[in-house]
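# Examination of the molecular architecture
Listed below are the residues making up each chain.
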Amino acid sequence: MSLLNQLFNRGILGAKCKTCLNLAISRIKLLQNKRDVQLKLMRKEIAQFLQAGQEAIARIRVEHVIREQNIWAAYEILELFCEFVLARVPILDSQRECPSELREAVASIIFAAPRCSDVPDLLHVRNLFASKYGKEFISAASELRPDTSVNRTIIEKLSVSAPSTGVKLKVLKDIAQEYNVEWDSSKTEAEFSKKPEDLLNGPKQVHGGATLSRAPSKQGPLEYSPSSEAHPIVLAQRKGGLECHQSPSPGNPMSLPGQDGTNSFTKNENATTAVTLKEMRPQSSDVLERARIAIAAAEHATAAARAAAQLANANFNTHTNSNGTVRSTP
């Protein structure tokens, strides 16, 4: 008879499942009582921080309080599911497939077992369900596939994502009201409303400065830049040309209607370019000439040092004889 039960997946749960569920229920109750005491202490500390004006610390601590509250709520739902499954173990043991009325409770226990490390008994229940319904059923519940019926509240409470700013602000207000703390939440609301700065792309001021620095190079025809720093004469002449072009005065011949201002401005720009190139070429030739002079001076210094070393060696050899006595030289 036992062989037939194993073939039809019957008689696998039985007493083991009842024992594990009873242990899980008792352990969940102990953990709830322990977390309840911890939550009261943590909420009291946050109220003290708010009263002392240390809102930055309170904003950090409140996330831990919310996480503990979520775990406490998830344990409460899991306790109900464990009691529900415990009362219907004979039904699970007698049927090959999971009944539809128990599918939500079984799938929620399978999903929560690896996420509730404080209750190892749920893992044993999960393994019993795996031997009963197969690994595919376990994978579907663990990966939250569409055909599973995991409780949505358990999914939200056991999520590892950070709580939203609205939830954190609500919990802070509840704590302040619970402990009668006169707290102005405007500063915290302003802090929560700030958008985080994207530090990967750098500060925005640098981008603005770079855009402004590139803009003048597109306006003028002078694009010759032999070095990273612009020549002062070029900047002065370019600035003067732009001022004349943008704001002509009545005494300026360029602003007279009878004259061709565009041709004269173009001639001035061409003359400025020619003067600039002529001034830059002697500078580059002077730099090369100085570099050549420096190289030649270094070579002369090296040759003089070698000659001095050879002379010193020759004088030392002449002062010393073969017996090791020193001669007196004039």
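Just above, that's the structure.
Presented here is an overview of the structure given in this document. Counting restarts for each chain: residues are numbered from 1 in the order of the written sequence. For this predicted model, a pLDDT threshold of at least 70 governs which residues receive local features, and a threshold of 80 or more governs which side-chain atom pairs are given and counted, while totals over whole chains, interfaces and linings are taken from all residues. The side-chain values count all of the structure's non-hydrogen atoms but skip hydrogen atoms and water molecules.

### Describing the overall build of the protein
For the purposes of this entry, the term helix denotes a DSSP run of H or I that reaches at least four residues, the term strand denotes a run of E that reaches at least two, and both are numbered from the N terminus. Looking only at helices and strands, the protein has 13 helices and zero strands in total. For the protein, the sequential pattern of α-helices and β-strands runs α-α-α-α-α-α-α-α-α-α-α-α-α. Taking all 330 residues of the protein together, the buried fraction comes to 29%. Residue contacts follow a heavy-atom distance rule, with two residues in contact if any of their heavy atoms lie within 4.5 Å. Of the contacts made within the protein by residues no fewer than 6 positions apart, 70% connect residues no fewer than 24 positions apart. Note that accessible areas follow from Shrake-Rupley with a 1.4 Å probe, and for residues the cover is restricted to the protein chains shown. Per element, the accessible surface of the protein, about 22500 Å² overall, is 56% carbon and sulfur. Classification of residues uses two cut-offs on accessible area relative to the type maximum, computed with a 1.4 Å probe and protein chains only: under 20% is buried, over 50% is exposed, and between them is partly exposed.

### Points about the packing of helix α2 (residues 14-51) against helix α6 (residues 121-133)
As a packed pair, α2 and α6 sit with axes 8 Å apart at the nearest point and diverge in direction by 155°. As judged from the angle between their axes, α2 and α6 are roughly antiparallel. Crossing geometry of α2 relative to α6 is assigned as left-handed. Residues Lys16, Cys17, Cys20, Leu21, Leu23, Ala24 and Arg27 of α2 touch α6, and the partners they reach there are Asp121, Leu122, His124, Val125 and Leu128. Three categories are distinguished: nonpolar for Ala, Val, Leu, Ile, Met, Phe, Trp, Tyr, Cys and Pro, charged for Asp, Glu, Lys and Arg, and polar for the others, with Gly belonging to the last. In terms of residue class, the contact of α2 with α6 is built from eight nonpolar, one polar and three charged. Axis definition: a line fitted to C-alpha atoms, over the contacting stretch in the case of helices. Angles run 0 to 180 degrees between N-to-C directions. For classification purposes, an angle smaller than 35 degrees is called roughly parallel, one larger than 145 roughly antiparallel, one from 65 to 115 roughly perpendicular, and anything else oblique. When the near helix sits turned anticlockwise from the far one by under a right angle, the crossing is termed left-handed; a clockwise turn instead gives a right-handed crossing.

### Some details on the pattern of salt bridges
For salt bridges, the criterion is a side-chain nitrogen of Lys or Arg within 4 Å of an Asp or Glu carboxyl oxygen. Evaluated as defined, the whole model comprises 13 salt bridges. For Glu79, the salt bridge identified is with Lys29, shortest N-O distance 4.0 Å. Linking Glu79 in helix α3 (residues 55-87) with Lys29 in helix α2, this pair joins segments that are 50 residues apart in sequence. Glu79 gets classed as buried once you look at its relative accessible area, which sits at 11%. A residue is classified by how much of its surface remains accessible, and Lys29, at 40% relative accessible area, is partly exposed.

### Here's the deal with the environment of Lys34
Mapping Lys34 onto the fold places it in helix α2. Separated by 38 residues in the primary sequence, Lys34 and Trp72 place their C-alpha atoms 9.9 Å from one another.

### Some details on the packing of aromatic side chains
How two aromatic rings sit relative to each other is set out by the distance from centre to centre and by the angle between their planes. Ring geometry is summarised as follows: Phe, Tyr and Trp rings, the Trp one being its six-membered ring, pair when their centres sit within 6.5 Å, and such pairs are stacked at plane angles under 30 degrees, edge-to-face over 60 and tilted between the two. Within the structure shown, the criterion is met by two aromatic pairs. Arranged with centres 6.3 Å apart and planes meeting at 35°, the rings of Phe129 and Tyr133 form a pair that is tilted. Of the two residues, Phe129 and Tyr133 are both situated in helix α6; the distance of four residues between them amounts to about one turn of the helix. For the residue pair Phe129 and Tyr133, the accessibility class agrees, reading buried in each case. Between the aromatic rings of Tyr133 and Phe137, the centroid separation amounts to 5.3 Å while the plane-to-plane angle is 50°, which identifies the pairing as tilted. In this pair, the class of Tyr133 matches that of Phe137, namely buried. Taken together, the ring pairs connect Phe129, Tyr133 and Phe137 into an aromatic cluster.

### Some details on unusual backbone geometry
Backbone geometry at Leu144 places phi at a positive 55°, although glycine is not the residue there. Relative to the elements of secondary structure, Leu144 occurs in the loop between α7 (135-142) and α8 (152-157). Residue Leu144 is classed as partly exposed on the basis of its relative accessible area of 34%. Backbone geometry at Asn180 places phi at a positive 55°, although glycine is not the residue there. Mapped onto the secondary structure, Asn180 falls in the loop between α9 (165-178) and α10 (186-193).

### Looking at the state of the cysteines
When the sulfur atoms of two cysteines come within 2.5 Å, that pair is taken as a disulfide. Enumeration over the complete set of coordinates arrives at zero disulfides. Counting only cysteine sulfurs, Cys82 is the nearest neighbor of Cys116, a cysteine outside any disulfide, at a range of 9.6 Å.

### Some remarks on the environment of Arg152
With respect to the helices and strands, Arg152 occurs in helix α8. Sequence separation between Arg152 and Ser108 is 44 residues, and the spatial gap between their C-alpha atoms is 9.0 Å.

### Some words on the environment of Ile110
Note that Ile110 resides in helix α5 (residues 103-112). Spatially, the C-alpha atom of Ile110 lies 8.8 Å from that of Val150, the residues being 40 residues apart in sequence. Filtering out sequence-adjacent residues up to four positions away, Ile110 remains in contact with Arg126, Phe129, Phe137, Ile138, Ala141 and Ser142.

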